[in-house]
Amino acid sequence: MTDQPLTSSTPLEIGRMLRADTTRCVVGCRAGQPHLPPLGSLVRLPVDDTYQVYGVVADIQVFDDGLTRQVVISPNLDPSVILDNQYNRNLPLEIGVLFVGYEHNGRLSHLLPPRPPLVLHVLYTCTPAEVRRFTAHGRFGYFRHLLRATDQPLAEVVAAHLQQAQACHAQGGNPHWAREAARELITLLRDDYATLATVLSALADTELDL
Amino acid sequence: MTINFVEVHRQIQQAAGEAQREQARLRDEFNRAWETLQTWADRLPDLGRRVEQALRYNPSLRCARPGQEALTTRVPAPPAPTQGLLLAADGSNANPNHHDRIPFGLINIGLFGYDLGHHRPPQELIQSEVLLNQDLYDDLGTIGEERIALERDLRERRALLERLRDETVTPLVTLTDGPLELYRQPREDPEFHARFQDYLRVLTALAAQGVITAGYVDKPQADLVVRLLELALLDEDELAQAGQLRPLRGITDRALFGQLLQPGERSALFGLQSTTAERFRQAAQGQLELHFFYLNVGLAGQPKVVRVEIPHWVAVDTTAVTILHGVLLQQTQITPNRRYPYALIRAHELAVVTYQDRQAVAAMIEQEWLNQGVVVGEESEKQRAKQDLQSSSRRSAR
């Protein structure tokens, strides 16, 4: 597990968008770079000066190729070969991002973005202040986008997101954000007991005071 | 599908029968070569004299020259070096095509630095050069594939030299894919001569820096040692026809040393006798004279023999040869199923110019030509017709 802080105080450029649809996108970046956003973290993709899209990291895929498959069976791997394959080689790492809202002319919305970013738009991490601003906006409307993503480890993504967002809120003097968020999740999932049970189980594994 | 498979199948059947007969003949010839190797293993002065005699009749004779070690020498694997820097270079190129809208050439050199002591992560460097306008012509007209390949080889070596100029670690080992001898060199036109002289200057500078320089030849097809053994088989009066009389034709050095060398072992050091090698010998007080050895990088029961070409200043330095031997074994063991130096794999990966790369550069050139109001030519109708065929093949493949 990384020793990096979950959110950096300055926005960091992570990678560029490869493909998208209305609800999600995939961003390509170099493997091995520091400050990769962890699962569940809030990220943003500025499209122009007035419009940017917010998302939550829901999937991270690391790819191999023919050479890594050859190297991996070597009985005594040199440290140089490991570093080379982790940091130098052009093996992409793909980050799957679920869109959870957008900002237009300074106004936040938890609706899906009206149009996705375009290919090669840059993905940035969000600062704690940006996380606080987005997650405190409205009444957790963006949760429905997370809960719709049944092809992802939904409960884990939600739990990781709450843990990271709560850290930002605690830093801003609000120790209760996660508790309110958990209540909202229970309300949203009241008719889907199976998912609710999984989400609560995942939340129980966090260190959140709910 | 436009191949007449009925016709092709008939030809393959016929060729397979011939191959069977040829293999039987080669088995007999191999036994003869093997016996000759054993018989003449220590008769190095005699063999040397025969080479000199044969050269008097055939100055363009191509064969191995015996060195100080017996022909059947087997040097076991040394330990892998634990310090120093290995630098591998590989080049790739796109040749100009007069069917394009704007003909251009591209030379791409990939350098990969591998710290043998693992004190720093491997380093990558890519040098790209696009050839446009007058770059595409020499005194004889439009430059061709051979000339670009020569330029590429030269740039590989220059890139190695430039990268190593300020390097303070020792030992420094450089590796390129293929022989040190340039097969494209023997042409006599002044441009080729100038490039060859450049190449010799680069090698001389590497020699001055004491760099352990090597060319790595995978799956060598050469029969240099076999040709030397043929000189041993000829009668004295037949030496006048050395190079034309070939009693062991078809046997490769690889087959011979695949039987001799155990995994990790290297062969004796040999000198390289050829017209081109002679030009290396004459430069830099003999420091660039070419030598080689064979190395079994395979496993028990699965020999994989490669040829390693080294210049004189490396060949006479026993420590340098041992370091190189160790480095090559260490490198080929990184990918156990490929047995090819990892650093060369990576240098190739950095250098390779794909069709897509070429198309991207072509588009960049065309865009800039248009931006600056330069007239862009037309593709040939032949090229367009080929593209039409390719696009229809792609559609039918779906």
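Definitions and cut-offs
Residues numbered from 1 in each chain as written. Chains lettered and ligands numbered in written order. Predicted model: local features only at pLDDT ≥ 70, side-chain atom pairs only at ≥ 80, totals over all residues. Helix = DSSP H or I, 4+ residues; strand = E, 2+ residues; numbered from the N terminus. Rg over C-alpha atoms; globule rule 2.2 N^0.38 Å. Contact = placed C-beta atoms within 7 Å. Buried ≥ 20, exposed ≤ 12 C-beta atoms within 10 Å, placed from the backbone. Domains from an automatic or database assignment. Nonpolar A, V, L, I, M, F, W, Y, C, P; charged D, E, K, R; others polar. Pairing = 2+ DSSP bridges. Core = buried A, V, L, I, M, F, W, Y, C linked by C-beta atoms within 7 Å. Axes fitted to C-alpha atoms, helices over the stretch in contact; angles between N-to-C directions. Parallel < 35°, antiparallel > 145°, perpendicular 65-115°, else oblique. Left-handed = near helix turned anticlockwise from the far one by under 90°. Expected span 1.5 Å × (residues − 1). Arc of directions from axis to C-beta.

As recorded in an unreviewed UniProt entry, chain B goes by the name DNA double-strand break repair nuclease NurA, listed as coming from Thermanaerothrix solaris.

As recorded in an unreviewed UniProt entry, chain A goes by Helicase HerA barrel domain-containing protein and comes from Thermanaerothrix solaris.

Engineer: Describe the overall build of chain A, and please don't skip the residues or the numbers.
Structural biologist: Counting secondary structure elements, chain A contains 7 helices and 7 strands. In sequence order, the secondary structure elements of chain A are arranged as β-β-β-β-α-α-β-β-β-α-α-α-α-α. What you see for chain A is a C-alpha radius of gyration of 18 Å, in line with the 17 Å of a compact globule of 210 residues. Oriented by its inertia axes, the alpha-carbon framework of chain A measures out at about 50 × 40 × 30 Å. Nonlocal contacts in chain A, meaning residues at least 24 apart in sequence, comprise 75% of its contacts between residues at least 6 apart.

Engineer: Explain the overall build of chain B to me, using residue names and the numbers behind them.
Structural biologist: The secondary structure content of chain B amounts to 12 helices and 11 strands. Computed over the C-alpha atoms, the radius of gyration of chain B is 24 Å, within 12% of the 21 Å expected from 2.2 N^0.38 for a compact globule of 398 residues. Its C-alpha atoms give chain B principal-axis dimensions of about 70 × 65 × 45 Å. Evaluated residue by residue, chain B yields a buried proportion of 37% over its 398 residues.

Engineer: I'd like a description of the domain arrangement of chain B, backed by residues and values.
Structural biologist: All names here are of chain B. If you check the domain split of chain B, you get domain 1 (85-351) and domain 2 (355-397). Taken together, the contact pairs 8 residues of domain 1 with 13 residues of domain 2. Grouping the amino acids of the side of domain 1 that touches domain 2 by side-chain chemistry returns 5 nonpolar, 1 polar and 2 charged.

Engineer: Provide a residue-level description of the interface of chain B and chain A, including the pertinent values.
Structural biologist: Across the boundary between the two partners, chain B contributes 15 residues, which contact 13 residues of chain A. Looking at the side of chain B that touches chain A, the elements that each hand over two or more residues are β3 (105-115) and α10 (342-351) of chain B. Of all the elements, α10 of chain B adds the most residues to the side of chain B that touches chain A, at 3 residues. Of the residues belonging to the side of chain B that touches chain A, the class tally is 7 nonpolar, 4 polar and 4 charged.

Engineer: Please provide a residue-by-residue account of the pairing of β3 of chain B, values included.
Structural biologist: Residues and elements named next belong to chain B. In terms of burial, β3 is largely enclosed, as 10 of its 11 residues are buried. The pairing of strand β2 (residues 85-94) with β3 spans 10 bridges and is classified as antiparallel. Counterpart to asparagine 93 in the pairing with β3 is isoleucine 107. Looking at chain direction, β3 and strand β4 (residues 123-131) are connected through 9 bridges and run antiparallel. Bridge assignment links isoleucine 109 to a residue of β4, and that residue is glutamine 127.

Engineer: Any details on the pairing of strand β1 (residues 13-20) of chain A? Residues and values, ideally.
Structural biologist: All names here are of chain A. Two strands pair when backbone bridges link them, and β1 and strand β7 (residues 122-125) are joined in this way by 3 bridges, in the antiparallel orientation. From the neighbouring strand, glutamate 13 faces β7, where its bridge partner is tyrosine 124. Alignment of β1 against strand β2 (residues 24-30), held across 4 bridges, turns out to be antiparallel. When the bridges of β2 are listed, methionine 17 appears paired with valine 27. Where β1 folds back onto β2 in an antiparallel hairpin, the turn is made up of 3 residues.

Engineer: So, the nonpolar core: which residues are in play, and what are the values?
Structural biologist: The biggest cluster of nonpolar side chains holds 97 residues, and the ones touching the most others in it are Leu86, Ala88, Ile212, Val308, Leu324, Ala343 and Ala347 of chain B. Apart from residues lying up to four places away in sequence, leucine 324 of chain B is in contact with Val173, Ile212, Ala214, Ile310 and Val314 of chain B. In this structure, Ile14, Val43, Val100 and Ala160 of chain A belong to the second largest nonpolar core, which totals 44 residues.

Engineer: Let's hear about the packing of helix α3 (residues 128-136) of chain A against helix α5 (residues 154-171) of chain A: which residues, and what values?
Structural biologist: Residues and elements named next belong to chain A. Put simply, α3 and α5 touch, their axes get as near as 9 Å, and they point 105 degrees apart. Accordingly, the angle class assigned to the pair α3 and α5 is roughly perpendicular. Every residue of α5 that contacts α3 at Pro128, Val131, Arg132 and Thr135 is listed here: Ala165, Cys168, His169 and Gln171. For the contact of α3 with α5, a count of residues per class yields 4 nonpolar, 3 polar and 1 charged.

Engineer: Which residues make up the sheet that holds strand β9 (residues 270-273) of chain B, and what are the values?
Structural biologist: Residue and element names in this part refer to chain B. Taken in spatial order, the 9 strands of this open sheet run β1-β9-β10-β11-β8-β7-β2-β3-β4, and their pairing is mixed. For this open sheet the edge positions go to β1 (63-66) and β4, each flanked by a neighbour on one side alone. Across the sheet, the mean angle separating the axes of adjacent strands is 30 degrees when strand polarity is ignored. Relative to the sheet, helix α2 (residues 44-57) contacts β1 and β9, its axis offset from that of β1 by approximately 135 degrees.

Engineer: With reference to specific residues and values, describe helix α5 (residues 224-233) of chain B.
Structural biologist: An α-helix turns once per 3.6 residues; consequently, residues spaced three or four apart project the same way. The element α5 of chain B is largely enclosed, with a buried count of 8 among its 10 residues. For α5 of chain B, the complete set of buried residues consists of Leu224, Val225, Val226, Arg227, Leu228, Leu229, Glu230 and Leu231 of chain B.

Engineer: How would you sum up the packing of helix α3 (residues 145-164) of chain B against helix α4 (residues 190-208) of chain B? Please name residues and give values.
Structural biologist: All names here are of chain B. Following both chains from N to C, one finds α3 and α4 inclined at 20 degrees, their axes separated by 10 Å at the closest point. Viewed along their axes, α3 and α4 adopt a mutual orientation that is roughly parallel. As for the relative orientation of α3 and α4, their crossing is left-handed in sense. On α4, the residues that touch Leu150, Glu151, Leu154, Arg157, Arg158 and Leu161 of α3 are Phe192, Arg195, Asp198, Tyr199, Val202, Ala205 and Leu206. Residue composition of the contact of α3 with α4, grouped by class: 8 nonpolar, no polar and 5 charged.

Engineer: I'd like to hear about the environment of glutamate 35 of chain B, residue by residue, with values.
Structural biologist: With respect to the secondary-structure elements, glutamate 35 of chain B resides in helix α1 (residues 5-39). Among the residues examined, glutamate 35 of chain B registers 11 C-beta atoms within 10 Å and is labelled exposed.

Engineer: I'd like to hear about the environment of proline 121 of chain B, residue by residue, with values.
Structural biologist: Relative to the assigned elements, proline 121 of chain B resides in the loop between β3 and β4. Non-local contacts of proline 121 of chain B, meaning those with residues more than four positions away in its chain, are made with Ser80, Leu83, Asp84, Tyr87 and Asn88 of chain A.

Engineer: An account of α4 of chain B is requested, with residue identities and associated values reported.
Structural biologist: All names here are of chain B. The end-to-end C-alpha distance of α4 is 27 Å, a good match for the 27 Å that 19 residues give at a rise of 1.5 Å each. Taken together, the buried positions of α4 are Phe196, Tyr199, Val202, Leu203 and Leu206. Taken down its axis, α4 places every buried residue within 115 degrees of arc, on the same side. Residues of α4 that are exposed and point over 90 degrees away from its buried face: Pro190, Ala194, Gln197 and Ala208. Along its buried surface, α4 packs onto α3, β7 (172-177), β8 (212-217) and β11 (305-311). One or two positions beyond α4, positive phi appears at glycine 210, with a value near 70 degrees.

Engineer: Just give me the short version of unusual backbone geometry, but keep the residues and values in it.
Structural biologist: With an omega of -10 degrees, the peptide bond running from threonine 170 of chain B to proline 171 of chain B counts as cis. Along the chain, proline 171 of chain B turns up in the loop between α3 and β7. Despite not being glycine, phenylalanine 140 of chain A has its phi angle at roughly 55 degrees, a positive value. Tracing the sequence through the fold places phenylalanine 140 of chain A in the loop between α3 and α4 (143-147). Of note, the phi angle at lysine 219 of chain B is positive, near 45 degrees, even though the residue is not glycine. One can find lysine 219 of chain B in the loop between β8 and α5. Since 11 C-beta atoms lie within 10 Å of it, lysine 219 of chain B is described here as exposed.

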